[in-house]
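Chain and residue survey
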Amino acid sequence: MSLNAALSVASGSLQAIQTQLAVASSNVSNADVEGYSRKTVTKTSLATAGAGTGVAVTSITSSVDPWLLKSIYSATAASSASTTLSDYLQELGDSLGALSSDSGVSGNNLSAQLTSLTSALTELASTPTNETLKSSVVSQADQLATSLRNSSAAIQRLREEADSAIDLGVETVNSDLEAIQTLNQSILRATVSGGSTADLEDQRADKIADLSSQIGVTTFSKNDGTVAVYTNSGLALLDGTVETLSFASTGAVSADTTYSGGTLSGVILGAIQEKDGDPVADTGTDITSKITGGALSSLIKLRDTTLPSLQDKLDSLALSLQSTFNTAHNAGTGSTQPNSLNGTVSGLSGANMTATGTLTVAVTDGAGTTVAASTFDLSAYHTVDELVTAIAGDTALGGSVSANLDATTGEVTLSAANTSHGLALSGGVVTQVGSTSYSGDGVSLSAAFGLNDFLIGTGADDIAVRSDLLASPSLLATKTLSSSSSALAAGGTIVVESDSQIQGIADALDASGVALKAANLVSQVSTDLTAAKATASSDETALTTLTSSFSSKYGVNVDEETATIQSLAQSYAASAQVVSTVKSMFESLLEAVR
């Protein structure tokens, strides 16, 4: 071999070893970087006229199994979806009370509070004149109503958080898609120029994994080294160009704010929406229902299905509690009687009415003694207006009662003319008023008009104990009106003790199934949470298994790389020695020529 050939071989070897050392050093420095795969140097032997002339580096590669990467993307989407659902349900469970075995406060949930209220009513029924026990009933009811309101607020707060999280998730998707597109272009340029694409491919895989945490995707590799990205439902997100997602976060969310009703934004593919205005319509494709996998799928499900369904059940519980308690409460009156009875049922103006029995209207001195009283045969009245007019003009009451039917709200108000007097009603059976029919034996007229309701509100979000009852528990209906003729006369005792009035409220709550609704609601959230935790744990284990497999197959073993560096250093020293020897031989030849 000539000296020139020897020098060429040694120099080529040095260059190849330098490249190998750089790659091995890069492997070591990136060993702890998530998603980094070990890079290797591919070399080829050079020959001229059949004689070996050294080696050259042809490429720097990482041979990652594309199917393993696809599995990791899929597992990432599943794990992110289940973890998001589990986290939100855990927060909801915490707000509804003890819904898991490790919460430690099992007596603080809605079901337990309802049981406490029923127990307080039963205890009061044994001694209905006990003011302390009255206060206890009102307090227990107030705590339950507060819990219902707080639970409703928690559901809507979580929906609001989910709506905001969707907005952030869409931003992440768009950012990742742009990054993948940029990396695609860089890989294409490197491929054309013959450069290494290994590090760029790692970065792209990391971005696709991050994208998968937000939305389930499928990727397709192209012959030019780029990838196309589609949703699991087959919608193109990136195929040559990026299809931008858009979303308009709503801000404040209430039970009436819904995606189906058009007051919550959907996720739009291929259009931009103004965030401070109404969603732009018909400028893109709404893919909200087509998103599967990733955090976005669970956030959408929580915002639009899971949490609204729980709100509906919570409202049903609140309204059932309210209706049951109020129907029984309207059958009696308190040990002190209020000056006015303000109806809570609206829409009664001009309403037809079907009723029977006798209604007693009594004005008292506020402590149960009759000032004036009168009775009304309800079968004689066919509209609410007729009855209100009759009460207002009744001669036996002698102007001591004003009766009003609000033309705007349609609510009935009865008031004692003397502010120091009280007012109480009893009797009468209403089977229909307006469009509302009452099944079974009907309800009292007071209940049909909501004149002595204990609980007010339109649902779980605003249910509350009537404010004057909170301030004065003596207004709790523990007594009833006497039907004797002497009691109706001025100076008679019209308000009398009733052992059954309060017990009737407790019995009505027991018979209504309200407690079962509360237990079922608590149980549902608990069951859903337990299932979500199990799924999240399983999905996390699957993802960990796949990433561990990736690490073991394609990750960096620092000890092995260190050994490789040491071996390459020795080879480098040997090649350098060859270069040095050839250099000396050239110098000797030059000296001999001189």
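Per-chain numbering applies: the sequence of each chain, read as written, is numbered from 1 onward. Only residues with pLDDT of at least 70 are given local features in this predicted model, and only at 80 or more are side-chain atom pairs given and counted; all residues enter the totals for whole chains, interfaces and linings. With hydrogens and water stripped out, all remaining heavy atoms of the structure feed into the side-chain values.

1. Some details on the overall build of the chain
Keep this limit in mind: Each helix is a run of DSSP H or I of at least 4 residues and each strand a run of E of at least 2, with the numbering of both proceeding from the N terminus. Whether a residue is buried, partly exposed or exposed follows from its accessible area with a 1.4 Å probe, protein chains only, as a fraction of its type maximum: under 20%, in between, or over 50%, in that order. The contact criterion used throughout is that any non-hydrogen atoms of two residues lie within 4.5 Å. For the area figures, the Shrake-Rupley method with a 1.4 Å probe applies, and any residue is considered shielded solely by the protein chains shown.
The number of helices and strands found in the chain is 13 helices and 20 strands. Counting all 594 residues of the chain, 45% fall into the buried class. Contacts in the chain between residues far apart in sequence, at least 24 positions, make up 69% of those at least 6 positions apart. Of the roughly 26,900 Å² of accessible surface on the chain, 51% is carried by carbon and sulfur atoms.

2. Considerations on the sheet that holds strand E6 (residues 245-246)
Strand pairing in a sheet is mediated by backbone hydrogen bonds. Such pairs are either parallel or antiparallel. This is how the line gets drawn: Strand pairing is assigned whenever DSSP identifies at least 2 bridges connecting the two strands.
Pairing is antiparallel in the open sheet, where 3 strands are placed in the order E6-E7-E8. Either end of the sheet is taken by a strand with one partner, and the two such strands are E6 and strand E8 (285-286). Relative to strand E7 (residues 268-269), E6 runs antiparallel, the two sharing 2 bridges. Within the sheet, the bridge partner assigned to leucine 245 lies in E7 and is leucine 269.

3. Let's talk about the environment of threonine 544
Examined against the element boundaries, threonine 544 turns out to sit in helix H12 (residues 514-554). Distance in space between the C-alpha atoms of threonine 544 and threonine 76 is 9.5 Å, their sequence separation being 468 residues.

4. Examining the environment of tyrosine 438
On the secondary structure map, tyrosine 438 appears in the loop between strand E15 (436-437) and strand E16 (443-444). Taking the C-alpha atoms as reference, tyrosine 438 lies 8.8 Å from alanine 448; in sequence the two are 10 residues apart.

5. Topic: the sheet that holds strand E5 (residues 236-238)
The condition that has to hold: Axis definition: a line fitted to C-alpha atoms, over the contacting stretch in the case of helices. Angles run 0 to 180 degrees between N-to-C directions.
The strand order E3-E4-E5 describes an open sheet built from 3 strands, whose pairing is antiparallel. Across the chains shown, the open sheet's two edge strands, defined by having one partner strand only, are strand E3 (217-221) and E5. Between one strand axis and the next, the sheet turns by 30° as a mean value, whatever way the strands run. Sheet topology note: the E3/strand E4 (residues 227-231) ladder contains 5 bridges and is antiparallel. Pairing of phenylalanine 220 across the sheet is with alanine 228, part of E4. Contacts from helix H5 (residues 198-212) reach E3 and E4 within the one sheet, and its direction differs from that of E3 by about 155°.

6. Some remarks on the packing of helix H3 (residues 110-126) against helix H11 (residues 499-512)
This is how the line gets drawn: Oblique is the label for every angle not falling under 35 degrees (roughly parallel), over 145 degrees (roughly antiparallel), or within 65 to 115 degrees (roughly perpendicular). Left-handed is the label given to a crossing in which the near helix is rotated counterclockwise from the far helix by less than a right angle, and right-handed is the label when the rotation is clockwise. Gly falls in the polar group here, along with every residue not listed as nonpolar (Ala, Val, Leu, Ile, Met, Phe, Trp, Tyr, Cys, Pro) or charged (Asp, Glu, Lys, Arg).
With their axes 8 Å apart at the nearest point, H3 and H11 run at an angle of 160° to one another. Relative to H11, H3 is oriented roughly antiparallel. Crossing hand, H3 versus H11: left-handed. Taking contact as the criterion, the partners of Leu117, Thr118, Leu121, Thr122, Leu124 and Ala125 in H3 are, on H11, Asp499, Ile502, Gln503, Ile505, Ala506, Leu509 and Asp510. Residue composition of the contact of H3 with H11, grouped by class: 8 nonpolar, 3 polar and 2 charged.

7. Considerations on the pattern of salt bridges
What counts, and what does not: A carboxyl oxygen of Asp or Glu within 4 Å of a side-chain nitrogen of Lys or Arg is what we treat as a salt bridge.
As enumerated under the stated definition, the model contains 8 salt bridges in all. The shortest N-O distance in the salt bridge between lysine 134 and glutamate 131 comes to 3.0 Å. In this pair, lysine 134 and glutamate 131 are both assigned in helix H4 (residues 131-193), 3 residues apart and thus about one turn of the helix distant. For lysine 134, a relative accessible area of 1% translates into the label buried.

8. Things to note about the packing of helix H6 (residues 294-329) against H11
Running from N to C, H6 and H11 point in directions that differ by 155°, and their axes come no closer than 9 Å. If you check the angle between H6 and H11, you find them roughly antiparallel. As H6 runs across H11, the sense of the crossing is right-handed. Contacts from Leu321, Thr324, Phe325, Ala328 and His329 in H6 reach Gln501, Gly504, Ile505, Ala508, Leu509 and Ser512 in H11. Split by residue class, the contact of H6 with H11 holds 6 nonpolar, 5 polar and no charged.

9. Topic: the packing of aromatic side chains
What counts here: Stacked, tilted and edge-to-face pairs are distinguished by plane angle, under 30 degrees for stacked and over 60 for edge-to-face with tilted covering the rest, among Phe, Tyr and Trp rings (Trp via its six-membered ring) whose centres lie within 6.5 Å. By definition, being over a ring means that NZ of Lys or CZ of Arg is both within 6 Å of the ring centre and within 35 degrees of the ring normal.
Summed over all chains, the structure comprises 2 aromatic pairs. Judged by centre distance (5.7 Å) and plane angle (80°), the rings of phenylalanine 220 and tyrosine 230 are edge-to-face. Here the residue phenylalanine 220 occupies a position in strand E3, and tyrosine 230 occupies one in strand E4, the gap between them amounting to 10 residues. The partly exposed category is assigned to tyrosine 230, whose relative accessible area is 21%. Geometrically, the ring pair formed by phenylalanine 325 and phenylalanine 454 is stacked, given 4.3 Å between the ring centres and 10° between the ring planes. Of this pair, phenylalanine 325 sits in helix H6 while phenylalanine 454 sits in the loop between helix H8 (445-449) and strand E17 (455-456), and the two are 129 residues apart along the sequence. When its relative accessible area of 0% is taken as the criterion, phenylalanine 454 is described as buried. Between the NZ or CZ atom of lysine 70 and the centre of the ring of tryptophan 67, over which it lies, the distance is 5.8 Å. Note that lysine 70 overlies the ring of phenylalanine 220, its terminal NZ or CZ placed 5.8 Å from the centroid.

10. Here we look at the pairing of strand E14 (residues 422-433)
The two faces of a sheet get side chains in turn, since along a regular strand they alternate between them. In terms of strand pairing, strand E10 (residues 353-364) meets E14 through 10 bridges, oriented antiparallel. For valine 363, the partnering residue across the bridge sits in E14 and is leucine 423. As paired strands, E14 and E16 are joined by 2 bridges and run antiparallel to one another. Within E16, the position partnered with valine 429 by the bridge is serine 444. Both E14 and E15 contribute to a ladder of 2 bridges, which runs antiparallel. Paired with valine 433 across the two strands is threonine 436, which belongs to E15. Between E14 and E15, which follow one another and run antiparallel, lie 2 residues, and glycine 434 among them has a positive phi close to 60°.

11. Structural notes on the pairing of strand E13 (residues 412-416)
The element E13 is extensively covered by neighbouring structure, given that 4 of its 5 residues are classed as buried. In the sheet, strand E12 (residues 401-405) pairs with E13 via 5 bridges, with the strands oriented antiparallel. Within the sheet, the bridge partner assigned to asparagine 404 lies in E13 and is threonine 413. Remark: 6 residues form the turn of the hairpin made by E12 and E13, two consecutive strands paired antiparallel; glycine 410 in that turn has positive phi of roughly 75°.

12. Points about the side chain of threonine 197
Looking at the secondary structure, you find threonine 197 in the loop between H4 and H5. Setting aside chain neighbours within four positions, we find threonine 197 in contact with Ile187, Ala190 and Thr191.

Distances and angles like these do not, on their own, reveal function.
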